[in-house]
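Chains, contacts and geometry: an overview
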Amino acid sequence: MTNLVKLARLSNRATRICRVEDSKQNVMDATYYHWEALTIKKIIDNLYSMPISVQKYLPMKIDKINPDLNKEILSSFTGERDGYVHVGPKKYFLTSNYLKQADGYYNMEVRPDDIWVCTFPRCGTTWMQELVWLINNDLDYDKALEIPLIQRFTFLELSLLKHEEFQREILELNNYDPKCVEALSKICEPGYSICARKKSPRHIKTHLPFSLLPPKLLQTSKAIYVTRNPKDVAVSYYYHNRLFRTIGFQSDFSKFWDLFQRDSGLYQAVSEPMFENVKRNFLLWAPFWSHVEEAWNLRTHPNMLFLFYEDMKKDLPSVIRKVAEFCNKILSEEQISKLSDHLKIEKLRNNPSMKIFPDEIKGLTNDEEQGFIRKGKAWKETSRTKRYFFKKTHSWGKLDLGEKNSPRKLMLKRMHGSRKMRAKLESNSSTKPFAA
């Protein structure tokens, strides 16, 4: 049955139900069919709005995960239902929805006044989004408070985390409330479709690596990449995976850390075919190091700003000046001071516009877990318990960081905040980094 036929039948069925009787059950059924019709309509609209070339060309290979392994992974991550894929030579780990949406991300139109914030998850993304949006909108704090950040800054691939079966469960949990139906349909729409309708200048957030983004992104738009000490990323990402039911991690940190190491290429390379899965990646958007290195290799591009989370913690006003200069904006010291105060982690945590999901949708997060914006600490500020865990596992001694002056070693030392590493970091390339 074609999508057009499905759309017509669902719409007619919803209309007939409403005419028969205005009972609670019939209203719920009608709302469900209406929601299904909206979903199919968006698929049709997206399909016909794409150029023919978009539907044909993808340079990267997409492989489905082995069925047995896929079943094992799904038992630990309950948000996804169909399974996962590995994308490209680095085997980036994404949900099965990527198979349907990959061309849209890779071939979307980019504009000269776009500003992208690109990160691996839990590297200060929200922090940087608020900073960038305010600088690029003349420090309009009232408007920033009025409009949720997720509307000001489109999350490009959020729809990858919204499996259709999970969406139905959320609708049932909300008794097919029309407000929930409308809000859910918005966040389930692929970001490239949302961006196509947005007026310039657009602000776009993504966790996808540069190899999966439009190839002309840096030739056309500006991008800011933020990275962070992977130990801090692992801890924060663990709580993030448990908080959001769209991901739904069901185990403890010890298992998550094991997956993160495998994801991030932290184990010594294993060449035997029987250990092939050990090297593969089983956390969304991983492997971490490949993700960071792609951006690192682009750091000297004039439209690229490469930043460290630890620098934001240590000297936020200095980072604000860099971002303002990058965005061709001039800020006074008074404005920088006020913005620094606004961006304090404790204030962001209590800022209602930082919510990633609308209030109309219940059940997307696990109320027993820590919130979306946590402590925002850097490695030097971490607890004895966290340090003891990493020391006990000895896992950091298994780092596969390459040669003495490899980018991985230099970046890791920079993330640890070593003041002596800046000159060495910059001298590692024949061209001084644009903003290291």
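Details of the structure are given in the entry above.
Below you will find a few notes about this structure. All of these numbers come straight from a predicted model, not from anything done at the bench.

1. Quick word on the overall build of the protein
- A tally of regular secondary structure across the protein gives 21 helices and eight strands.
- By residue count, 54% of the 436 residues in the protein fall in the buried class.
- Pairs at least 24 apart in sequence give 74% of the contacts found in the protein among residues at least 6 apart.

2. A few points about helix α14 (residues 288-296)
- Within α14, nine of the nine residues are buried, which leaves it mostly tucked inside the rest of the structure.
- Listed in full, the buried residues belonging to α14 are F288, W289, S290, H291, V292, E293, E294, A295 and W296.

3. A look at the packing of aromatic side chains
- One pass over the full model with this rule turns up 23 aromatic pairs.
- Here the aromatic rings of Y84 and F93 are separated by 4.6 Å at their centres, their planes lie at 20 degrees, and the arrangement is stacked.
- Between the aromatic rings of Y237 and F256, the centroid separation amounts to 5.9 Å while the plane-to-plane angle is 80 degrees, which identifies the pairing as edge-to-face. Taken together, the positions of Y237 in helix α12 (residues 230-243) and F256 in helix α13 (residues 253-263) put the pair 19 residues apart, joining distant regions of the chain.
- By relative accessible area, Y237 is classed as buried at 0%.
- Since its relative accessible area comes to 0%, F256 is described here as buried.
- Through successive ring pairs, a cluster of aromatic residues spans F77, F120, Y237, Y238, Y239, F249, F253, F256, W257, F260, F288 and W289.
- Sitting over the ring of W133, R152 keeps its end group 4.7 Å from the ring centre.
- Residue placement shows R299 over the ring face of W296; its charged tip is 3.8 Å from the ring centre.

Parameters and conventions
Residues numbered from 1 in each chain as written. Predicted model: local features only at pLDDT ≥ 70, side-chain atom pairs only at ≥ 80, totals over all residues. Heavy atoms only, no water. Helix = DSSP H or I, 4+ residues; strand = E, 2+ residues; numbered from the N terminus. Buried < 20%, exposed > 50% of the residue type's maximum accessible area, 1.4 Å probe, protein only. Contact = heavy atoms within 4.5 Å. Phe/Tyr/Trp six-rings, centres within 6.5 Å; stacked < 30°, edge-to-face > 60°. Lys NZ or Arg CZ within 6 Å of the ring centre and 35° of its normal.

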